[in-house]
Amino acid sequence: MSRMMDFKALPKIELHAHLSGSISRQCLHDVWVKKHQAGETTLEDPLIQMPLGKHDYDLETFFPLFSSYIYHLVNDPWSLRYTTLSVLADFVADGVVYLELRTTPRALPTHEEYVQAILDAIAEFEAQVPPPKLRTKLILSIDRRNPPATAFSVLSLCRKFYGHGVVGLDLCGDPASPTSLLHSFTPIFSAARSSLPNLGITLHFAEASCSGTDQELDLLLSWRPDRIGHVIHLSDKIRQRIKDCDKKIGLELCLSCNVHANMITGGFEGHHFGEWWKVPETIVTLGTDDVGVFGSPLSNEYALVAKHFGLTQQEICDLARKGIDIIFGGDEEKERLRKIMWT
Ligand SMILES: CNc1ncnc2c1ncn2[C@@H]1O[C@H](COP(=O)(O)O)[C@@H](O)[C@H]1O
């Protein structure tokens, strides 16, 4: 039975992880100690602000963690490099062999330098001897709370860094921000489709009931995403539209995040993974979302689906391998993964 499986050793693909939310509390603490000792921060120790073992952040308490705390701690090139390297080390230690990390560019000191610093940290990590099995690509996020001009600048960054480590564009952020603001992003996503046809598009989709209206979801689907994340509050009509997409759409499902943040009811066994994982018109992949906040590494997400949905060892390997088809990282990477992932 899969319950006996070594989920850490299982080579895994992670396609839904936010950089700032993936930083462990210990790593945030290390950054804080250095800054505190140098008199560079007046913030409280992260281990007090976010005590170890606390994972029950709901959508009201979750987003301010970034805007009021983590962004003020990770606020210079040194802490950005340090935390990125730590995040990569955590993923590799958990048996992740391919990672698409997503992040919202910030002015550190410029948005361009922010992206370059992360790409440099990835290159530095991959140049280790012996090289780690993990290969990492970057997705740039548009925060739905931001004005169109900021969102357009994210597309410009995709243009600049496409072919140099950036493989996708994401829409993320607090789902409580109104659907009406999203209309102004349509030209951005259509420009992304026409000017960068191989850039992947992934969207946070129906995370909360307020962002799960047919009006919003019809709009998001009109942007022709390759993948959608969370996928919780759907009408039957939208369910059918997802299944009817020309190309199989990828569903990035994040069980622990959804359960801990009370985004769903019914606990793990009530999670919509159970509804989707066998649907032939879609491809389900498991993601951690924000392992630093919700505390469940990808190996544990596999253990959870094995436990709550009774997947056999073969079904676990098949689930992990299916993700290969929906990575944004290109054919060469797909070939590498086909060779190293368990059959
Ligand atoms: C429930 N899960 C989620 N839903 C929507 N957006 C999320 C998210 N988890 C994280 N983010 C988005 O990612 C940012 C932090 O990482 P980066 O600074 O970009 O690396 C958050 O500010 C939020 O906008």
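Please read these numbers as outputs of a predicted model, since none were measured by experiment.

Chemist: Looking at this structure, I do not really get the overall build of the chain. What am I missing?
Modeler: Each helix and strand in the chain was counted, giving 16 helices and eight strands. The C-alpha atoms of the chain give a radius of gyration of 19 Å, which matches the 20 Å a tight globule of 343 residues would have. Overall, the C-alpha framework of the chain stretches about 55 × 50 × 40 Å when taken along its three principal axes. Taken over 343 residues, the chain has a buried fraction of 57%. For the chain, the proportion of contacts with a sequence separation of at least 24, taken over those separated by at least 6, is 75%. Accessible area for the chain stands at about 13,900 Å²; split by element, carbon and sulfur atoms hold 53% of it. In the chain, 34 positive and 43 negative side-chain charges are present, and the distance between their average locations comes to 4 Å.

Chemist: Please explain the site of the ligand as it appears in this structure.
Modeler: Taken together, 20 residues surround the ligand, and among them Tyr71, Thr103, Thr104, Glu207 and Asp290 come closest. Contact between the ligand and arginine 145: an oxygen atom at 3.3 Å from a side-chain N or O atom of the residue. At 2.9 Å from a nitrogen atom of the ligand is found a side-chain nitrogen or oxygen belonging to aspartate 289. In isolation the ligand exposes 510 Å². Once the protein is present, 100% of that is buried.

Chemist: Before we go on, may I ask you to explain the environment of isoleucine 324 in this structure?
Modeler: As for its position among the elements, isoleucine 324 is in the loop between α15 (313-322) and α16 (331-340). Since its relative accessible area comes to 2%, isoleucine 324 is described here as buried. Separated by 11 residues in the primary sequence, isoleucine 324 and glutamate 335 have C-alpha atoms spaced 8.8 Å apart. Leave out the neighbours within four places in its chain, and isoleucine 324 touches Ile13, Lys334, Leu337, Arg338 and Met341.

Parameters and conventions
- Residues numbered from 1 in each chain as written.
- Predicted model: local features only at pLDDT ≥ 70, side-chain atom pairs only at ≥ 80, totals over all residues.
- Heavy atoms only, no water.
- Helix = DSSP H or I, 4+ residues; strand = E, 2+ residues; numbered from the N terminus.
- Rg over C-alpha atoms; globule rule 2.2 N^0.38 Å.
- Buried < 20%, exposed > 50% of the residue type's maximum accessible area, 1.4 Å probe, protein only.
- Contact = heavy atoms within 4.5 Å.
- Areas by Shrake-Rupley, 256 points an atom, 1.4 Å probe, with all protein chains shown as cover.
- Lys, Arg positive; Asp, Glu negative; His and termini not counted.
- Charge placed at Lys NZ, Arg CZ, Asp CG, Glu CD.
- Near = heavy atom within 4 Å.
- Polar contact = N/O pair within 3.5 Å; in protein donor to acceptor, adjacent residues only side chain to side chain.

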